[in-house]
Amino acid sequence: KAGVTQTPRYLIKTRGQQVTLSCSPISGHRSVSWYQQTPGQGLQFLFEYFSETQRNKGNFPGRFSGRQFSNSRSEMNVSTLELGDSALYLCASSLAGVNTEAFFGQGTRLTVV
Amino acid sequence: AQSVTQLGSHVSVSEGALVLLRCNYSSSVPPYLFWYVQYPNQGLQLLLKYTTGATLVKGINGFEAEFKKSETSFHLTKPSAHMSDAAEYFCAVSDRQAGNNRKLIWGLGTSLAVNP
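Residues numbered from 1 in each chain as written. Chains lettered and ligands numbered in written order. Predicted model: local features only at pLDDT ≥ 70, side-chain atom pairs only at ≥ 80, totals over all residues. Heavy atoms only, no water.

**Student:** Help me understand the interface of chain B and chain A, please; the structure alone is not making it clear to me.
**Tutor:** Accessible area lost during the coming together of the parts is what is often quoted as the interface size. Each partner contributes residues to the interface: chain B has 20 residues there, and chain A has 23 residues. With both sides pooled, the region where chain B packs onto chain A buries about 1,800 Å², and carbon together with sulfur makes up 51% of that total. The interface formed by chain B and chain A holds zero salt bridges in total. Applying the counting rule to chain B against chain A returns three residue pairs in polar contact (both at pLDDT 80 or more). For the side of chain B that touches chain A, the secondary structure elements donating two or more residues are strand 5 (32-38), strand 6 (44-50), strand 10 (87-94) and strand 11 (104-106) of chain B. Per-element accounting of the side of chain B that touches chain A gives the leading share, four residues, to strand 5 of chain B. Considered class by class, the residues forming the side of chain B that touches chain A number nine nonpolar, eight polar and three charged. (Contact = heavy atoms within 4.5 Å. Buried area = accessible area lost by both parts, 1.4 Å probe. Salt bridge = Lys/Arg side-chain N within 4 Å of Asp/Glu carboxyl O. Polar contact = N/O pair within 3.5 Å; in protein donor to acceptor, adjacent residues only side chain to side chain. Helix = DSSP H or I, 4+ residues; strand = E, 2+ residues; numbered from the N terminus. Nonpolar A, V, L, I, M, F, W, Y, C, P; charged D, E, K, R; others polar.)

See the structure below:
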């Protein structure tokens, strides 16, 4: 079966702009989580969506938001981009939540200039 | 708050040597425990997990990990390293008491280099 698909793979944006990243989970998976990965901070949890509802949220400013659609596809949006938002953004899907195996996409590499 | 510590951000071993990557967690209640591997320009892949039962867990690619409650540890081992094992390894924990507020807490990762 198809894995987790994240689009786009690479993105370059200017400070102050906004960006939307997309994640298509594995068919049948209802939980989608988003992470920010940077060399200095490692993997930081952004939020988790389950059946279109945000179930968990990390410690990120309100500029970071997300949503999940009825087909479980998810998007995350970052507004008013800052240089520090440059990172690899990873999406993970799972059947029910974090005690089941999470399957990761290849990520979206966002560069803010 | 739950935390995960991976000792050694970089580990280097020779091909054929034992691989030992360390992970300690802070929790009075044993959490769910995971090891993931990330190859360059890839997402993360689950190596193994401990939820309940046998404390020695076997995973993919010859890796295994042992949950030791008394040491609050979940170290990852492989008897003989291959060149293809060079990657970033992440330990993660999840609070089993948190119900729907459960989320994965990640270590900072250990970069494994395998020398010929």
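**Student:** It is not clear to me how the packing of aromatic side chains should be interpreted in this structure. Could you clarify?
**Tutor:** Given two aromatic rings, their pairing is described by the distance between the two centres and the angle made by the two planes. Throughout the structure, instances matching the rule amount to 13 aromatic pairs over all chains. Considering the side-chain rings of Phe63 of chain B and Tyr89 of chain B, the 5.5 Å spacing of their centres and the 45° angle between planes classify their relative orientation as tilted. Placement of Phe63 of chain B in the loop between strand 7 (56-58) and strand 8 (64-68) and of Tyr89 of chain B in strand 10 is noted, with a sequence separation of 26 residues between them. Summarising the burial analysis for this pair, Phe63 of chain B and Tyr89 of chain B share the class buried. An aromatic cluster is built from Tyr35, Phe45 and Phe104 of chain A together with Phe34, Tyr36, Phe90 and Trp106 of chain B, whose rings are joined through pairwise contacts. (Phe/Tyr/Trp six-rings, centres within 6.5 Å; stacked < 30°, edge-to-face > 60°. Buried < 20%, exposed > 50% of the residue type's maximum accessible area, 1.4 Å probe, protein only.)

**Student:** I keep staring at the side chain of Thr110 of chain B and nothing clicks. Help me out?
**Tutor:** Residue and element names in this part refer to chain B. Among the structural elements, Thr110 can be located in strand 12 (residues 110-115). Residue Thr110 is classed as buried on the basis of its relative accessible area, which comes to 1%. Within the local environment of Thr110, its side chain forms a polar contact with the side chain of Gln6, the two groups lying 3.3 Å apart. Here Thr110 is in contact with Gln6, Leu7, Gly8, Ser9, His10, Val11, Leu21, Ala87, Glu88 and Tyr89, once residues within four sequence places are set aside.

**Student:** Please explain the pairing of strand 9 (residues 73-78) of chain B as it appears in this structure.
**Tutor:** Side chains on a regular strand alternate between the two faces of the sheet. All names here are of chain B. The element strand 9 is largely enclosed, with a buried count of five among its six residues. Relative to strand 9, strand 3 (residues 19-21) is paired through three bridges, and the arrangement is antiparallel. If you follow Leu21 over to strand 9, its bridge partner there is Leu76. The pairing of strand 8 with strand 9 spans five bridges and is antiparallel. Across the sheet, residue Glu66 finds its bridge partner in strand 9, namely His75. Turn length for the strand 8-strand 9 hairpin, with the two strands adjacent in sequence and antiparallel, is four residues, and the turn residue Thr72 shows positive phi of about 45°. (Pairing = 2+ DSSP bridges.)

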